[in-house]
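Take a look at the letters that make up each chain.
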Amino acid sequence: MFSLLLELKTDCNFCGNPLPINAFVDKIFCDKCNKDNVLNAELWKSLLEELPDDILGFKDDEGRPSKVMTGQYNFDMMYGRKQARCNKCKTNIPDDELNKFTEGGNYKCKKCRADVFVRPATDLMKSIFPSSKYIVSEDENMLKGTPEKPVEKNSDKPVLFTCPSCAGNLEIDGKERIVECNFCKSKVYLPDDLWFSLHPVVSKERWYITFDSKLLSEQLPEWCKLYDAAIDREGNIYVAGTLDVFDKDVTVWSFSPDFKKRWSVNNLNVEDVHAHLAVTKKGELYLWDSTKHSISVLSCKDGALLRKINGSEQSKDNHYPFTVKDCETLINDSDDTILAVINDLFVRFNTDGTRASLWGDPTDKGSIGLFSAFFSGFDHKINLSEGYSGDIPELKELGDKPRAVKSYKVEMFAGWDDYIYIYNLEYSVAYIAKYTRRGKQEWSTSFQFDELCDKIYADGKGNVYIAGTDGNKKSKIMRYTPDTDNFDVVLKDISEGGTYVFDSCDMVLVSPEGVINIINTSGDLRVYNPDYSVKYISKSIKEDDESYREELNRNN
């Protein structure tokens with residue numbers, strides 16, 4: 001386990017006196033004005049939710065101060081990464097000792113025998129930090145809530161104090177600060193040194209939240225450069241990128257729908273801008289370098305290299321080799337074949353590297369007879385080195401069974417509905433077309449944005465999502481619904497009361513259920529639920545969004 005150290009202090013919301021917060025509680029009692037200060041769930045969440053992400057980057061025993069301002073309270077905070085320990089003698093508490101606490105109780109320090117209160121993470125703590133396990137070294141008096149009366153100190157042995165009016169001896173038990181002299185009946189206000197000796201000031205103390213150590217390995221990757229991304233049917237995300245701006249060799253990461261890192265692999269012999277990804281129907285991940293001929297097939301489960309589909313140049317002995325050189329986009333189609341666009345030509349391969357019929361019978365494995373030749377037109381024998389004879393059509397000109405397309409900025413994705421989606425994001429106009437495996441065009445459409453994202457996707461119902469900016473430079477995410485032929489704005493710019501700010505490198509990946517993942521460089525990630533509410537926004541984006549809001553407020 002590892003621990004988040006906390007020291008917290010605020011001022012009483014009623015009298016303004018300092019108020020240490022030495023426990024994870026919903027209210028803190030001020031013994032100066034005898035009032036409760038409420039600390040609700042939203043306040044705790046806003047105060048703490050980003051701290052574990054920070055301390056994952058800290059070294060052991062590293063910490064930093066912070067000031068947090070909310071609408072009701074201002075907090076002075078110290079937080080850091082430090083093993084939970086006894087505050088009296090500074091001795092660490094072993095993990096196996098903490099694991100004994102299935103309920104709240106006191107751990108007896110092995111060195112000084114002091115009691116250290118330990119309790120399992122509460123439901124509220126779990127809602128803020130799902131990986132939290134224990135809360136350690138809280139002030140038990142604060143956990144008890146509002147005292148029925150001021151703390152009594154030494155009430156069995158009264159303190160003697162001289163009345164400043166008549167010099168009579170007064171017996172002080174600490175119950176009241178203003179007492180009446182038994183001799184002259186004067187009202188006597190007890191001085192600070194006496195009162196605080198009976199009522200010691202509560203000081204700020206350290207307490208700890210412990211986490212499962214596997215959170216260290218589960219933290220989201222913070223790639224520096226992003227070259228491609230993909231999503232599988234379960235909503236797991238796959239990213240090809242680099243850790244450093246000067247890196248050339250690509251690392252591939254995968255993280256789960258709950259934003260936990262699943263695995264990472266490197267030393268893949270794939271270089272930066274030429275790296276591409278595609279998820280297969282069988283739970284495999286295709287990784288290729290568009291300057292080379294072969295595909296590496298990785299396991300979606302753990303990133304292990306399962307095999308390679310080896311490619312080669314065309315030769316006199318092999319006129320129709322497997323290759324992905326100069327291939328910027330390919331998909332694993334519904335029949336487990338590979339459909340690619342190479343040198344402006346559509347071409348289809350079987351997963352063993354042999355050619356398959358482009359739009360003909362999916363059972364045709366490339367051994368073509370007279371009957372199949374008559375109907376398919378030998379469409380598995382596509383010479384990639386010669387290119388297309390005739391004018392190469394643009395995407396907007398494609399009809400059924402396309403053979404070629406101007407491939408600049410053309411991309412494909414395999415829909416969850418087993419259809420093929422082809423799109424082109426050239427200049428400020430996007431063209432999208434939907435095809436069956438046999439090459440029949442189901443529909444095509446176009447729309448205009450000022451800027452458009454690098455990748456688009458569809459949900460399980462075939463609704464397509466596109467990110468960009470309109471003619472007024474306002475960020476938007478659009479949903480195209482083929483059934484009604486409508487484009488609807490589902491996420492708006494922050495300046496218009498929304499939660500989205502467009503970046504030209506945004507890639508949109510959508511799960512079958514309609515969870516929208518917008519992924520970008522520098523580990524940036526925005527995730528929206530199917531109802532378009534915010535599910536997750538990475539820390540760096542939150543900071544940028546807040547700066548954007550502040551700029552908007554200044555300009556207004």
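For the structure itself, consult the block above.
What counts, and where the lines are drawn
Note that residues are indexed from 1 along each chain, following the sequence as it is written. Totals for whole chains, interfaces and linings use every residue, but because this is a predicted model, local features are given only for residues with pLDDT of at least 70 and side-chain atom pairs only at 80 or more, for both listing and counting. Side-chain figures throughout are based on the complete set of non-hydrogen atoms in the structure, without hydrogens or water. In this description a helix means any DSSP run of H or I spanning at least four residues, a strand means any run of E spanning at least two, and both kinds are numbered starting from the N terminus. Between the two quantities, the radius of gyration covers C-alpha atoms and the globule rule is 2.2 Å times the number of residues to the power 0.38. The classification of residues rests on relative accessible area computed with a 1.4 Å probe and restricted to protein chains. Under 20% of the type maximum is buried, over 50% is exposed, and intermediate values are partly exposed. Contacts are residue-level and defined by heavy atoms, with any inter-residue pair within 4.5 Å sufficient. Note on areas: Shrake-Rupley with a 1.4 Å probe; residue coverage comes only from the protein chains shown. Positive charges are assigned to Lys and Arg, negative charges to Asp and Glu, while His and the chain termini are left out of the count. To locate a charge, take NZ of a lysine, CZ of an arginine, CG of an aspartate or CD of a glutamate. In this description, a nonpolar core means a group of buried Ala, Val, Leu, Ile, Met, Phe, Trp, Tyr and Cys residues linked to one another through side-chain atoms lying within 4.5 Å. Under the rule applied, a polar contact is a pair of N or O atoms within 3.5 Å (in protein, one hydrogen donor and one hydrogen acceptor; residues adjacent in sequence only if both atoms are side-chain atoms). We call two strands paired when DSSP finds no fewer than two bridges between them. Simply put, an axis is a line fit to the C-alpha atoms, just over the touching stretch for a helix, and the angle between two N-to-C directions goes from 0 to 180 degrees. Pairs were defined over the aromatic rings of Phe, Tyr and Trp, the Trp ring being its six-membered one, requiring ring centres within 6.5 Å. Orientation was assigned from the angle between planes: stacked under 30 degrees, edge-to-face over 60, tilted for the rest.

### Re the overall build of the protein chain
Helix and strand counts for the protein chain come out as nine helices and 38 strands. The C-alpha atoms of the protein chain give 33 Å as radius of gyration, which overshoots the globular expectation for 556 residues (24 Å, by more than 25%). Projected onto its principal axes, the C-alpha positions of the protein chain cover 125 × 55 × 40 Å. Among the 556 residues that make up the protein chain, the fraction classed as buried is 48%. A sequence separation of at least 24 residues applies to 47% of the contacts in the protein chain between residues at least 6 apart. Looking at the protein chain as shown, the accessible area adds up to about 27,300 Å², and 46% of this sits on carbon and sulfur atoms. Taking the average place of the 72 positive charges on the side chains of the protein chain and the average place of its 91 negative ones, the gap between the two points comes to 4 Å.

### A closer look at the nonpolar core
Core analysis: the biggest nonpolar cluster contains 47 residues, and Val 464 and Ile 519 have the highest contact counts within it. By size, the runner-up hydrophobic cluster in this structure holds 35 residues, among which are Ala 278, Trp 288, Val 341 and Ile 422.

### Considering the side chain of Ser 137
With respect to the helices, strands and loops of the structure, Ser 137 is situated in the loop between strand E9 (132-136) and helix H5 (140-143). For Ser 137, a relative accessible area of 13% corresponds to the buried category. Among the polar contacts listed, one links the side chain of Ser 137 to the side chain of Asn 87, at a separation of 3.0 Å. Excluding residues that lie within four positions of it along the chain, Ser 137 makes contacts with Asn 22, Arg 85, Asn 87, Val 116, Phe 117, Arg 206, Trp 207 and Tyr 208.

### Describing unusual backbone geometry
One non-glycine residue, Ser 137, lies in positive phi territory at about 70 degrees. Within the chain, Ala 167 stands out as a residue other than glycine whose phi angle is a positive 70 degrees. With respect to the helices and strands, Ala 167 occurs in the loop between strand E10 (159-162) and strand E11 (169-172).

### Overview of the sheet that holds strand E27 (residues 420-426)
Read across the open sheet, the four strands follow the order E26-E27-E28-E29; overall the sheet is antiparallel. In the strand order of this sheet, the two ends are held by strand E26 (410-414) and strand E29 (441-448), each with one partner. Geometrically, the sheet is characterised by an average inter-axis angle of 15 degrees between neighbouring strands, direction not taken into account. Sheet topology note: the strand E28 (residues 429-435)/E29 ladder contains seven bridges and is antiparallel. Paired with Val 429 across the strands is Gln 448, a residue of E29.

### Focus on the packing of aromatic side chains
Per the stated rule, a full pass over the model turns up 21 aromatic pairs. Both rings, one in Trp 223 and one in Phe 255, keep their centres 6.3 Å apart while their planes meet at 15 degrees; by these two values the pair is stacked. In this pair, Trp 223 sits in the loop between helix H7 (214-218) and strand E15 (225-231) while Phe 255 sits in strand E17 (residues 251-255), placing the two residues 32 residues apart along the sequence. There is no split in this pair, since Trp 223 and Phe 255 are both buried. Ring geometry for Trp 359 against Tyr 435: centres 6.4 Å apart, planes inclined by 25 degrees, an arrangement best described as stacked. Taken as a pair, Trp 359 in the loop between strand E25 (345-349) and helix H8 (370-376) and Tyr 435 in strand E28 lie far apart in primary sequence, 76 residues in all.

No statement about biological role is implied by the geometric values presented.
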